[in-house]
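# Structure at a glance
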Amino acid sequence: MAIEELKKGPLDKSAYRLSGCRYLHERQYKEALIEFDKALKLSKGDHEFESGVYTEKSNAFLGLKKYGLAMKQAKKAESLDPKNKNAYKLSANIYSRCRRYEEALKEFDKALELSNGDKEFESDICHEKANTYLSMKSYGPAMEQAKKSIGLNAGNKYAYKLSACINLHSRQYEEALSGFAKALELSKGDREFESDIYNELARIYFEQGKYGKLISELSKAIELNSENSMTHWLLANGYKYQGRYVEALNEFAKLMDMGRDKKSEERIQFEIIKLVECANINGSRDKALEIIKKALKLKFTYKTMIMNSLANELEIAQQAVKLKSKVRKLIVNLTNQCNLDCTMCLNQKIPKQEISARMKQEIINIFPYLEGINWMGGESFMYPGFEELLDEAVKHPLIQEITTNGLLMDKKTVSKLIENNVKLTISIDGATKEVYEEIRKGARFELLIQKLKMVNELINRINPEYKLTLNLVVVKSNYHQIEAFAEFAREYNFNAINFMVIYENRNNQNIFNFNRDDKVLSCVSKSLDNARENCKKYGIIFNTNITQDLLETKLSENQENIRNHENINNEPCQEPKIDIPDKVKICQAPWKTLNIDVTGEASPNASCFCKNVLGNLNTQSLEEIWNGEPMVNYRKQIVSGNIEKVCTLKRIYKEIPFELLR
């Protein structure tokens, strides 16, 4: 019966509840809540009925991602009827969504105690417990619960799907394929379910780099459910990795037409920019121009930023050196002050300074055009004007990232970071108290753990999908803890780890370019491999700039160059001009990025050794630096093939790592 039919006559409490359930099924959560409240007004003290309605209200709030209100309703349902097994099941799901996994497992067990031999219900609970263990990255217990679920209900297609997903996360692809095939057998014509299965099959082929098979599976998914946004997302990325950029754009355009939420819209629009970026980086300038032409016809939410980025990519494709587009990304060193004296850091040896008021205003003025900004230090939270900058920046769609040692974080600021999805990277460098405090002089390990627990608590309450990154430099004092960091990251819910190399040699901490020892390097190499595998197992993103070249037992010419890079920067380049063909990867940082030092000095990219000063924000505007003679000359040298004359990294490595081309 349709909702309209239900409302033709006067309704009793059960009719309002049924109406609310229909809205709930159709994901019209606010309408569902109105109907449930009407049902409660007519309940007249029927506790069992009220408990059921509060359970359904909890489900509606869960759909709205209002986890606090959802839990409040679930707990009320439990108190009104302690035998309401569905209320305990729902409480457990809310805890799981909020990453309070131990509490979730306890609630699931309470639900099982109340099942009274209901095998189907017990199968569902085991399925949900498996999901919780999967979220905890505990794949053994997850598979055990999935198998229990199947044993209790051999027709539970969701349990087969979940067991296959566990195998997918464990990189056991053949077992995953078999599980998804069994789930399809049990689908009984459920087109939405089958579409989801084909999406999962596509994920396997994505991880294996089999993009042709990926596209084949996703074509089946679209036939079954053309409105499945995840299918279009995966298909767009499959096309992108095949270099089929225009087809990828078409899929992203379909996603935009589906009327996504604000967060999803932002993500799609950034992905469209990345498509043009990929085409330009790979030298496919004709494709870049075609994508830009098509993209200009789309209706963008953040027109100022998007149009600036597209104009910038157009100028890159045309190899323009004086730009009409504005800078897209900033790296800003807010202050050189720090609350610590880390053994490998040189910052303590320089006079204390922070960005000037003039610099701050220039940075604020460029916000509408920026794709992203990285806030750095010193210690970023020691800059007194940071909160003002943050408040201004969150008014715009730019991606913000802050790097901090985390010890000065407070609830108010971290809450604001999480609410606005500002990326938080915490530098730690020691997985135990002894090593951490040896490296990070002036820090207390107990305070760090206290702050990490605070961050996790706020993430669980505000936005359980928020991502947290752990940063560390591998040095003499901590190289033996490389594998321990994967466990540390898992324990404190980090989503990514960056294992970094340092280029200075304060206190003889540099083990790559100085103080080299074959046994140490061999240990680092093995530990990184093991950490990489553990990160895969735990679902943590593993990043490192420690190249194989650094781990070789004999110091290569490139590493000798790195060790002596202070001298290289001041020597004229004697190598002949290189004729760069049209389709070659060239560094694009001078077309997109500026690094602003605390002194106001601007350079093209903080990720390389570049010491070419292009101007000073204390005496010039960003526009004057962006199209000033030094920057224009920088771009000219790159497009003409004389990159070594301006790029220190190219002169040291004889190449530019792909990740720095952007």
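Thresholds applied
- Residues numbered from 1 in each chain as written.
- Predicted model: local features only at pLDDT ≥ 70, side-chain atom pairs only at ≥ 80, totals over all residues.
- Heavy atoms only, no water.
- Buried < 20%, exposed > 50% of the residue type's maximum accessible area, 1.4 Å probe, protein only.
- Helix = DSSP H or I, 4+ residues; strand = E, 2+ residues; numbered from the N terminus.
- Right-handed = clockwise from strand over helix to strand, strands pointing away.
- Pairing = 2+ DSSP bridges.
- Expected span 1.5 Å × (residues − 1).
- Arc of directions from axis to C-beta.
- Contact = heavy atoms within 4.5 Å.
- Phe/Tyr/Trp six-rings, centres within 6.5 Å; stacked < 30°, edge-to-face > 60°.
- Lys NZ or Arg CZ within 6 Å of the ring centre and 35° of its normal.
- pLDDT = per-residue confidence, 0-100.
- Axes fitted to C-alpha atoms, helices over the stretch in contact; angles between N-to-C directions.
- Parallel < 35°, antiparallel > 145°, perpendicular 65-115°, else oblique.
- Left-handed = near helix turned anticlockwise from the far one by under 90°.
- Nonpolar A, V, L, I, M, F, W, Y, C, P; charged D, E, K, R; others polar.
- Salt bridge = Lys/Arg side-chain N within 4 Å of Asp/Glu carboxyl O.
- Polar contact = N/O pair within 3.5 Å; in protein donor to acceptor, adjacent residues only side chain to side chain.

### Quick notes on the pairing of strand β5 (residues 423-427)
By the criterion of burial, β5 is predominantly enclosed, with 4 of the 5 residues buried. Assessed by its sense of winding, the connection that carries the chain from strand β4 (residues 399-404) through helix α21 (residues 411-419) to β5 is right-handed. The sheet contact formed by β5 and strand β7 (residues 468-473) spans 4 bridges and is parallel. In the strand pairing of β7, Ile-426 is matched with Leu-470.

### What to know about helix α3 (residues 29-41)
An α-helix turns once every 3.6 residues. As a result, residues three or four positions apart point the same way. If you check α3, its first and last C-alpha atoms are 19 Å apart, about what 13 residues at 1.5 Å a residue would give, namely 18 Å. Within α3, the full set of buried residues consists of Tyr-29, Ala-32, Leu-33, Glu-35, Phe-36, Ala-39 and Leu-40. Buried residues along α3 cover an arc of 165° about the axis, so they all sit on one side. Turned more than 90 degrees away from the buried face of α3 sit Lys-30 and Lys-41, all of them exposed.

### Details of the side chain of Gln-637
By the secondary structure assignment, Gln-637 is in helix α31 (residues 629-639). Those residues within four positions of Gln-637 in sequence are excluded, and the remaining contacts are Asn-642, Ile-643, Lys-645 and Val-646.

### A look at the pairing of strand β3 (residues 372-376)
Note that strand β1 (residues 329-333) and β3 share 5 bridges and pair parallel. Across the sheet, Ile-331 pairs through a bridge with Asn-374, a residue of β3. The sheet contact formed by β3 and β4 spans 4 bridges and is parallel. Directly across from Trp-375, in β4, lies its bridge partner Ile-402. Taken together, β3, helix α20 (residues 386-393) and β4 constitute a β-α-β crossover, and its handedness is right-handed.

### Overview of the packing of aromatic side chains
Considering all chains together, one arrives at 12 aromatic pairs under this definition. Seen in terms of ring centroids, Phe-381 and Phe-386 are 5.6 Å apart; in terms of plane orientation they differ by 85°. Their pairing is edge-to-face. For Phe-381, a relative accessible area of 17% translates into the label buried. Ring-pair connections join several aromatic residues into one group, and the members of that group are Phe-367, Trp-375, Phe-381 and Phe-386. Looking at Lys-85, its charged tip hangs above the ring of Phe-121, at a distance of 4.6 Å from the centre. The lysine or arginine in question, Lys-157, covers the ring of Phe-193, its NZ or CZ lying 4.8 Å from the ring centre.

### So, the confidence of the model for the chain
Summarising the model, the chain shows a mean pLDDT of 87, and 89% of its residues fall at 70 or more. Contacts of residues 562-584 to residues separated by more than four positions or lying in other chains number 37 contacts, the stretch itself having pLDDT below 50. Across residues 650-662, where pLDDT falls below 50, the model places 51 contacts with residues more than four positions away in sequence or in other chains.

### Regarding helix α17 (residues 285-295)
All of the buried residues in α17 are Arg-285, Ala-288, Ile-291, Ile-292 and Ala-295. Buried residues of α17, viewed axially, fall in a sector of 120°; they line one side. The exposed residues of α17 that point more than 90 degrees off its buried face are Asp-286 and Lys-293. Residues of α17 that are buried in the fold lie against α15 (245-257), α16 (262-281) and α18 (303-317).

### Some details on the packing of α16 against α17
At their nearest, the axes of α16 and α17 sit 7 Å apart, and the two run at 160° to each other. Of the possible angle classes, the one that applies to α16 and α17 is roughly antiparallel. Relative to α17, α16 is oriented so that their crossing is left-handed. Here Ile-272, Leu-275, Val-276, Ala-279 and Asn-280 of α16 lie close against α17, whose contacting residues are Arg-285, Lys-287, Ala-288, Ile-291, Ile-292 and Ala-295. Taken together, the residues that form the contact of α16 with α17 break down as 8 nonpolar, 1 polar and 2 charged.

### A few points about the pattern of salt bridges
For side chains bearing opposite charge, pairing can occur when the charged atoms are close. In total, this model carries 38 salt bridges according to the counting rule given. Measuring nitrogen to oxygen at the nearest pair gives 3.1 Å for the salt bridge that ties Glu-392 to Lys-395. Assessed through its relative accessible area of 58%, Lys-395 is described here as exposed. Because the salt bridges share partners, they merge into one network encompassing Glu-277, Glu-313, Arg-328, Lys-329, Glu-371 and Lys-592.

### Remarks on the packing of helix α9 (residues 139-152) against helix α10 (residues 157-169)
The geometry of α9 relative to α10 is characterised by a closest axis approach of 9 Å and an angle of 160° between their N-to-C directions. Taken together, the axes of α9 and α10 lie roughly antiparallel to each other. Crossing geometry of α9 relative to α10 is assigned as left-handed. Listed contacts from α10 to Tyr-139, Ala-142, Met-143, Ala-146, Ser-149 and Ile-150 of α9 are Ala-159, Tyr-160, Ser-163, Ile-166, Asn-167 and His-169. Considered class by class, the residues forming the contact of α9 with α10 number 8 nonpolar, 4 polar and no charged.

### Examining the environment of Ser-309
Secondary-structure assignment places Ser-309 in helix α18. Not counting residues up to four positions away in its chain, the partners in contact with Ser-309 are Ile-273, Arg-328 and Glu-371. Polar side-chain contacts of Ser-309 include one of 2.7 Å to the side chain of Glu-371.

### Regarding the sheet that holds β3
Hydrogen bonds between backbone groups are what pair the strands of a sheet, and the pairing can be parallel or antiparallel. Taking strand neighbours across the sheet as the criterion, the 10 strands line up as β9-β8-β7-β5-β4-β3-β1-β10-β11-β12 in an open arrangement whose pairing is mixed. The outermost strands of the open sheet, each flanked by one partner alone, are β9 (541-544) and β12 (615-616). Judged from the 4 bridges that link them, strand β8 (residues 496-500) and β9 form a sheet pairing that is parallel. Note on β9: the bridge partner recorded for Phe-499 is Thr-544. Each of β1, β3 and β10 (593-596) touches helix α19 (residues 357-366); the most contacted strand, β1, lies at about 155° to it.

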